[in-house]
Amino acid sequence: MSSSQDWNTDIIAEFRANQGRVGGPFEGAPVVLVHHRGRKTGRELVSPMMYLPDEQDQDVIYVFASKAGAPTNPDWYYNLATAGTGDVERGTETYAVTVTEVTGAERDRIYAEQARRYPGFAGYAEKTKGIRTIPVLALRRR
């Protein structure tokens, strides 16, 4: 198992043991577990990630394919974008979602708000500047 898989496994276990709360670098931050199917392998996967709730619609959250500022998008982004659906564990609730990529000015507004709340996201955008624009996905409860 790779170190990122170990990291995710530990976060997932902590999330589930504490009704959706985790500590460490995510202390106090909104975290969800996103279930998706590998587009090449067909395997069921779970990825922990921070999210931003939509202020107008409680059925929508936004996730950010930052990969900590790496030059490539994370695999989960491609899996979700290709499938257009997934499942989310949020707190103690699990529900199905539809997935839509947010683009243009709306994407920029949402990403800027996440970076304002959690400055690490501004650093991720700086690392990827000129390489890629970090995708933002809207996950809407079905």
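Residues numbered from 1 in each chain as written. Predicted model: local features only at pLDDT ≥ 70, side-chain atom pairs only at ≥ 80, totals over all residues. Heavy atoms only, no water.

Undergrad: Explain helix H3 (residues 104-117) here, please?
TA: Owing to its 3.6 residues per turn, the α-helix brings residues three or four apart onto one side. The terminal C-alpha atoms of H3, which comprises 14 residues, lie 20 Å apart, in line with the 20 Å expected from a rise of 1.5 Å per residue. Regarding H3, the residues found buried are Arg107, Ile110, Tyr111, Gln114 and Ala115. Down the axis of H3, the buried set is contained in an arc of 140°. They therefore lie on one face. Turned more than 90 degrees off the buried face of H3, the exposed positions are Ala105 and Arg116. Buried residues along H3 sit in contact with strand E2 (44-53), strand E3 (60-64), strand E5 (93-102), helix H4 (120-128) and strand E6 (136-141). (Helix = DSSP H or I, 4+ residues; strand = E, 2+ residues; numbered from the N terminus. Expected span 1.5 Å × (residues − 1). Buried < 20%, exposed > 50% of the residue type's maximum accessible area, 1.4 Å probe, protein only. Arc of directions from axis to C-beta. Contact = heavy atoms within 4.5 Å.)

Undergrad: Quick question: what am I supposed to make of the sheet that holds E3 here?
TA: Sheet strands associate in pairs through backbone hydrogen bonding, adopting either a parallel or an antiparallel arrangement. Read around the barrel, six strands follow the order E1-E2-E3-E6-E5-E4 and close on themselves; strand pairing throughout is antiparallel. Here the average twist between neighbouring strands, direction ignored, is 45°. When E2 meets E3, the two strands line up antiparallel, connected through three bridges. Counterpart to Pro53 in the pairing with E3 is Ile61. Sheet strands in contact with H3 are E2, E3, E5 and E6, and its direction is about 85° off that of E2. (Pairing = 2+ DSSP bridges. Axes fitted to C-alpha atoms, helices over the stretch in contact; angles between N-to-C directions.)

Undergrad: What should I look at first to understand helix H2 (residues 75-83) in this one?
TA: All of the buried residues along H2 are Trp76, Tyr77, Asn79 and Leu80. Projected down its long axis, H2 shows its buried positions confined to an angular sector of 165°, all on one face. Seen from the open side of H2, the exposed residues pointing more than 90 degrees away from its buried face are Asp75 and Thr82. If you follow the buried residues of H2, they end up packed against strand E1 (31-37), E2, E3, strand E4 (85-90), E5 and E6. Remark: Gly84 follows H2 within two positions and exhibits a positive phi of approximately 75°.

Undergrad: What exactly am I supposed to notice about the packing of aromatic side chains here?
TA: How two aromatic rings sit relative to each other is set out by the distance from centre to centre and by the angle between their planes. Evaluation of the coordinates by the stated rule reveals six aromatic pairs. The interplanar angle of 50° and the centroid separation of 6.2 Å between the aromatic rings of Trp7 and Phe26 together place this pair among those described as tilted. Placement of Trp7 in helix H1 (residues 3-17) and of Phe26 in the loop between H1 and E1 is noted, with a sequence separation of 19 residues between them. On the basis of relative accessibility, which here comes to 42%, the residue Trp7 falls in the partly exposed class. Members of the aromatic cluster, each reached through a chain of ring pairs, are Phe64, Tyr111, Phe121 and Tyr124. When the ring centre of Tyr95 is taken as origin, the NZ or CZ atom of Arg141, which lies over that ring, is 3.7 Å away. (Phe/Tyr/Trp six-rings, centres within 6.5 Å; stacked < 30°, edge-to-face > 60°. Lys NZ or Arg CZ within 6 Å of the ring centre and 35° of its normal.)

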